[in-house]
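Chain and residue survey
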Amino acid sequence: MQDGPLSLLDIIDTDISGHEFAFLSACETAMGDRSAPDEVIHLAAGLQFMGVKSVIGTLWSVGDKVARDLVSAFYKELCKDGTMDCTMAARALHKAVATLAGDKVEAPAPLQENCTTTAGASHEAVTSLANAKYNVPLQERAVFVHTGI
């Protein structure tokens, strides 16, 4: 955030009841506080507890290029029919991770013009992702986790 780090208190103090989906691509957004390892509350869980149905967060640090590529592949899959359905977030994340691994996944449909990514990726950049070949190491792909429906 512009004025400082996002905290659980910020989430609790904000009305987010109308939101169905959140993608937290910053580092360690789905990791608890190291000073309280027996507690499982983290930013991603906080958003879900406050009413966001589907949240993606990160377990540890992630490089900018991997995050950008994964987020682009994720939104390409999630928005393939021109809409965003939060119940398809887990499947879209799975396919995006498989894309970074270089696994064979069924080719997603082209990104619809009216479905933009929150990562700010251009339509051309996201569309070219389908032809890209990746082989990102497992520890860099496994950083993203989905919680919710």
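Check the entry above for the structure.
For the structure given in this document, a descriptive report is provided here. Please read all numbers here as calculations on a predicted model, not as lab measurements. (Residues numbered from 1 in each chain as written. Predicted model: local features only at pLDDT ≥ 70, side-chain atom pairs only at ≥ 80, totals over all residues. Heavy atoms only, no water.)

1. Regarding the pattern of salt bridges
Going by this rule: The working definition used for a salt bridge is a side-chain nitrogen of Lys or Arg within 4 Å of a carboxyl oxygen of Asp or Glu. Numbering of helices and strands runs from the N terminus; a helix is a DSSP stretch of H or I covering at least four residues, while a strand is a stretch of E covering at least two. A 1.4 Å probe rolled over the protein chains alone gives each residue an accessible area, and that area as a share of the maximum for its type sets the label: buried under 20%, exposed over 50%, partly exposed in between.
One pass over the full model with this rule turns up 5 salt bridges. Put simply, D69 and R68 hold a salt bridge, and the shortest N to O gap is 4.0 Å. Between K95 and E77 there is a salt bridge; the shortest N-O distance is 3.7 Å. Residue K95 is located in helix α4 (residues 89–101), and its partner E77 is located in helix α3 (residues 64–78); the two are separated by 18 residues in the primary sequence. There is no split in this pair, since K95 and E77 are both buried. A single network of salt bridges, built from pairs that share partners, joins K65, R68 and D69.

2. Things to note about the nonpolar core
How we decide: The criterion is simple. A nonpolar core is a set of buried Ala, Val, Leu, Ile, Met, Phe, Trp, Tyr and Cys residues joined through side-chain atoms within 4.5 Å. In what follows, residue pairs with any heavy atoms lying within 4.5 Å of each other are defined as contacts.
Counting 23 residues, the largest nonpolar core has F21, F23, L70, F74, Y75 and F144 as its most contacted members. For this core, the elements supplying multiple residues, two or more each, are β1 (21–23), α3 and α4. Not counting the four nearest positions on each side in its chain, L70 is found in contact with F23, L93, A96, V97, L100 and F144. Membership of the second largest hydrophobic core comes to 10 residues, among which are I11, L47, V52 and V55.

3. Regarding the packing of aromatic side chains
Two numbers describe a pair of aromatic rings. These are the distance of the centres and the angle of the planes. Threshold: Pairing of aromatic side chains requires ring centres within 6.5 Å, counting the rings of Phe and Tyr and the six-membered ring of Trp. Pairs whose planes differ by under 30 degrees are stacked, by over 60 edge-to-face, and all others tilted.
Here the structure, examined in full by the defined rule, presents 6 aromatic pairs. When the ring of F23 is compared with that of F74, the centres are 5.1 Å apart and the planes differ by 65°; the resulting orientation is edge-to-face. Within this pair, whereas F23 is found in strand β1, its partner F74 is found in helix α3, the two being separated by 51 residues in sequence. Taking the relative accessible area as the measure of exposure, F23 reaches 15% and is therefore buried. F74 sits in the buried class, given a relative accessible area of 0%. Between F74 and Y75, the ring centres sit 5.0 Å apart and the planes meet at 85°, which makes this aromatic pair edge-to-face. Like Y75, F74 is buried.

4. Digging into the sheet that holds strand β3 (residues 144–148)
Strands belonging to one sheet form pairs held by backbone hydrogen bonds; the direction of such a pair is parallel or antiparallel. Spelled out, the test is: Here a strand pair is declared whenever DSSP counts at least two bridges between the two strands. Under this scheme, a helix contributes an axis fitted over its contacting stretch, all axes are lines through C-alpha atoms, and angles between N-to-C directions fall in the 0 to 180 degree range.
Sheet architecture is open: 3 strands sit in the order β1-β2-β3, paired in mixed fashion. Lying at the two open borders of the sheet, with one neighbouring strand each, are β1 and β3. Recorded for the sheet is a direction-independent mean angle of 20° between the axes of neighbouring strands. With 3 bridges joining them, β1 and strand β2 (residues 54–58) adopt parallel strand pairing. The residue of β2 that forms the bridge with F21 is S54. Those strands touched by α3 are β1, β2 and β3, and its axis lies near 155° from that of β1. Contacting β1, β2 and β3, α4 crosses the sheet at an angle of about 170° to β3.

5. Digging into the pairing of β2
Counted residue by residue, β2 has 5 buried out of 5 residues, so it is predominantly covered. With burial as the criterion, each face of β2 is covered, one bearing S54, I56 and T58 and the other bearing V55 and G57. In terms of strand pairing, β2 meets β3 through 5 bridges, oriented antiparallel. When the bridges of β3 are listed, V55 appears paired with T147.

6. Here's the deal with the environment of G57
Summarising the element assignment, G57 is placed in strand β2. Taking the C-alpha atoms as reference points, G57 and S25, separated by 32 residues in sequence, lie 6.1 Å from one another. With residues up to four places along the chain from it excluded, the contact list for G57 reads L24, T29, A30, V143, F144 and V145.

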